[in-house]
Amino acid sequence: MKRVLILGGTGFVGRHLCEKLTREGWRVTVPTRRAANASHIQMLPGLQVAVGDVHDPATLTRMVVGHDAVVNLIAVLHGTEASFGRTHVELVQSLARACAASGVNRLVHISALGVDDRQSDAAPSMYLRSKARGEAALKAAAQASGLALTVLRPSVIFGDGDKFLTLFARLQGLLPVLPLACAQARFQPVWVEDVAQAVLRCLQTPATIGQTYNLVGPEILTLQQLVQLAARAGGVNHGRGRPVLPLPAGLGRLQAWLMEWLPGAPLMSRDNLDSMKIDNIAHDGLPGLQALGLTPTSVGTVAPTYLGHIDHHGTLQRLRQSAGR
């Protein structure tokens, strides 16, 4: 029976991936700083929760030992240059060393759409630059030590429990008009179940070793179109949604700056806006879900199945707490 270590297994994608892997008979280990963070997955058959800090290299090496493969899902959306570097660069460097020291050769790494191997330092945001440096570190380790690496680059991920469409549906339930920065930024959203299935296919298929895949859905939509879709799917204003007010660039940055000063994780940061300066769509010719034998799922098909159950009487504080989880 195969054993896999899932870094970030307590998160949004991790929950869906753990369910898939355990159904397929994998033995799954999920590290977490606090056991309570894994309460929603710890009852899955064949899943073990390991309490510890994966940012500590010695702890990470001990956790890797005894597994056949590792999947890295850990990422942050907000922070400083240092915090992005710690999560997206230093952690994966430690992970590559831990795999080499433990004799664990197989690694599937979740990166991000928008990473450009050729111009990593030219990316417009700290998030994308750090993601690119992390990819580069793993690919260098693969060349040096023979690490069997597969990199997956998803667009924005939607599905039950997401922090994207759910957030915008709830905001429109609270506000009469939704001011929106970067309204014309384009995305190719991918369903969380398709992402989880792609990881499973990579673990099962040796031919995916050494490959990089773009994980995207079948539709290209602007941010404004996605916000409006979220409102309709969530039944806001009897399915009509609220007016969306696109903001000019200056006002959008001012709005994001003000959000950064509020306590807790921001709903939107200036670095998020910087990431949206380049379209979050597949345009580099890399293989996608179809190359893994999967058919991408439309956001319009899935969104009503979970957004339709949203309670629109929540508070802004609850939204901000949700965005920070």
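Residues numbered from 1 in each chain as written. Predicted model: local features only at pLDDT ≥ 70, side-chain atom pairs only at ≥ 80, totals over all residues. Heavy atoms only, no water.

**Student:** Please clarify how the overall build of the protein chain should be interpreted in this entry.
**Tutor:** Scanning the protein chain from N- to C-terminus turns up eleven helices and 13 strands. Its C-alpha atoms give the protein chain a radius of gyration of 19 Å, within 12% of the compact-globule value 20 Å for 325 residues. Across its three principal axes, the protein chain shows a C-alpha extent of roughly 55 × 45 × 40 Å. Here the protein chain holds 325 residues, and 53% of them are scored as buried. Taking all contacts inside the protein chain whose residues are at least 6 apart in sequence as the whole, residues at least 24 apart take part in 77%. When the accessible surface of the protein chain is split by element, carbon and sulfur atoms take 55% of a total near 14,400 Å². Positive and negative side-chain charges in the protein chain, numbering 31 and 22 respectively, have mean positions lying 4 Å apart. (Helix = DSSP H or I, 4+ residues; strand = E, 2+ residues; numbered from the N terminus. Rg over C-alpha atoms; globule rule 2.2 N^0.38 Å. Buried < 20%, exposed > 50% of the residue type's maximum accessible area, 1.4 Å probe, protein only. Contact = heavy atoms within 4.5 Å. Areas by Shrake-Rupley, 256 points an atom, 1.4 Å probe, with all protein chains shown as cover. Lys, Arg positive; Asp, Glu negative; His and termini not counted. Charge placed at Lys NZ, Arg CZ, Asp CG, Glu CD.)

**Student:** Can you walk me through a nonpolar patch on the surface in this structure?
**Tutor:** A cluster of nonpolar side chains, contributed by L251, L254, W257, L258 and W261, occupies part of the molecular surface with about 550 Å² of accessible area. Relative to the helices and strands, W261 resides in helix α8 (residues 249-261). (Patch = residues over 30% accessible without salt bridge, like charges linked within 9 Å, V, L, I, M, F, W, Y side chains within 5 Å. Salt bridge = Lys/Arg side-chain N within 4 Å of Asp/Glu carboxyl O.)

**Student:** Even after reading the chapter, I still don't get the packing of aromatic side chains, so can you show me in this structure?
**Tutor:** The description of two aromatic rings rests on the distance between their centres and on the angle between their planes. Applying the stated criterion across every chain, the model contains four aromatic pairs. The interplanar angle of 85° and the centroid separation of 5.7 Å between the aromatic rings of F164 and F168 together place this pair among those described as edge-to-face. With a relative accessible area of 14%, F164 lands in the buried category. With 5.9 Å between their ring centres and 50° between their planes, F164 and F187 make a pair best called tilted. Of the two residues, F164 sits in the loop between β7 (157-158) and α5 (165-174) while F187 sits in strand β9 (residues 186-187), which places them 23 residues apart along the sequence. By relative accessible area, which is 7% here, F187 ends up buried. Ring pairing ties together the aromatic residues F164, F168 and F187, which thus form one cluster. (Phe/Tyr/Trp six-rings, centres within 6.5 Å; stacked < 30°, edge-to-face > 60°.)

**Student:** So what exactly am I meant to see when it comes to the environment of V151 here?
**Tutor:** Inspection of the secondary structure puts V151 in strand β6 (residues 148-154). Assessed through its relative accessible area of 1%, V151 is described here as buried. When the C-alpha atoms of V151 and V199 are compared, they prove to be 9.6 Å apart, with 48 residues separating the residues in sequence.

**Student:** Explain the environment of G300 here, please?
**Tutor:** Its place among the elements puts G300 in helix α10 (residues 299-307). Residue G300 is classed as partly exposed on the basis of its relative accessible area of 38%. Sequence-wise, G300 and E81 are 219 residues apart; in three dimensions their C-alpha atoms are separated by 35 Å.

**Student:** Please explain helix α3 (residues 81-102) as it appears in this structure.
**Tutor:** Residues spaced three or four apart along an α-helix point in a common direction, a consequence of the helix completing one turn every 3.6 residues. With 22 residues, α3 extends 30 Å from end C-alpha to end C-alpha; this agrees with the ideal 32 Å at 1.5 Å per step. The principal kink in α3, of about 30°, is found at T87. At the exit of α3 stands G103, carrying a positive phi of roughly 75°. (Expected span 1.5 Å × (residues − 1). Bend = angle between axes of the 7 residues up to and from the residue.)

**Student:** Mind showing me how you'd approach helix α4 (residues 126-145) here?
**Tutor:** Taking 1.5 Å of rise per residue, 20 residues should cover 28 Å, and α4 covers 28 Å from first to last C-alpha, within 8% of that figure. Within α4, the full set of buried residues consists of M126, Y127, L128, R129, S130, K131, A132, G134, E135, A137, L138 and A141. Structurally, α4 contributes buried residues whose contacts are with α3, β5 (106-110), β6 and α9 (270-275). Where α4 terminates, the next one or two residues include G146, which has phi positive at roughly 80°.

**Student:** It is not clear to me how the pairing of strand β4 (residues 69-72) should be interpreted in this structure. Could you clarify?
**Tutor:** Regular strands show a simple pattern: their side chains alternate between the two faces of the sheet. Judged by which residues are buried, β4 turns out to be covered on both faces: A69 and V71 on one side and V70 and N72 on the other are all buried. Pairing of strand β1 (residues 3-7) with β4, which is carried by four bridges, proceeds in the parallel orientation. In the sheet register, L7 faces β4, and the bridge partner there is N72. Note: β4 against β5, four bridges, orientation parallel. Bridging across to β5, V71 finds its partner in V108. (Pairing = 2+ DSSP bridges.)

**Student:** How should unusual backbone geometry be read in this particular structure?
**Tutor:** Most of the time, phi is negative for any residue but glycine, and the peptide bond is trans. Backbone geometry places C182, a non-glycine residue, at a positive phi of 50°. Structurally, C182 is set in the loop between β8 (178-180) and β9. Its identity as a non-glycine residue notwithstanding, H238 has a phi of 60°, on the positive side.

**Student:** Sorry if this is basic, but what is going on with the pattern of salt bridges here?
**Tutor:** If the charged atoms of two oppositely charged side chains come close together, the side chains can form a pair. This structure, assessed with the given rule, holds eleven salt bridges. Where K20 meets E193, a salt bridge forms, and the shortest distance between an N and an O atom there is 2.8 Å. Taken together, the residues span a long stretch of sequence, with K20 in helix α1 (residues 12-23) and E193 in helix α6 (residues 192-204) at a distance of 173 residues. Per residue, the accessibility class of K20 equals that of E193, and both read buried. With its nearest N and O atoms 2.9 Å apart, the salt bridge here joins R253 to D274. Of this pair, R253 sits in helix α8 while D274 sits in helix α9, and the two are 21 residues apart along the sequence. Here R253 falls in the partly exposed class, since its relative accessible area comes to 33%. Under the relative-accessibility criterion, D274 is labelled buried at 12%. A network of salt bridges, in which partner residues are shared, links E135, K139, R153 and D284.

Interpretation note: all reported values are geometric properties and have no functional meaning in isolation.
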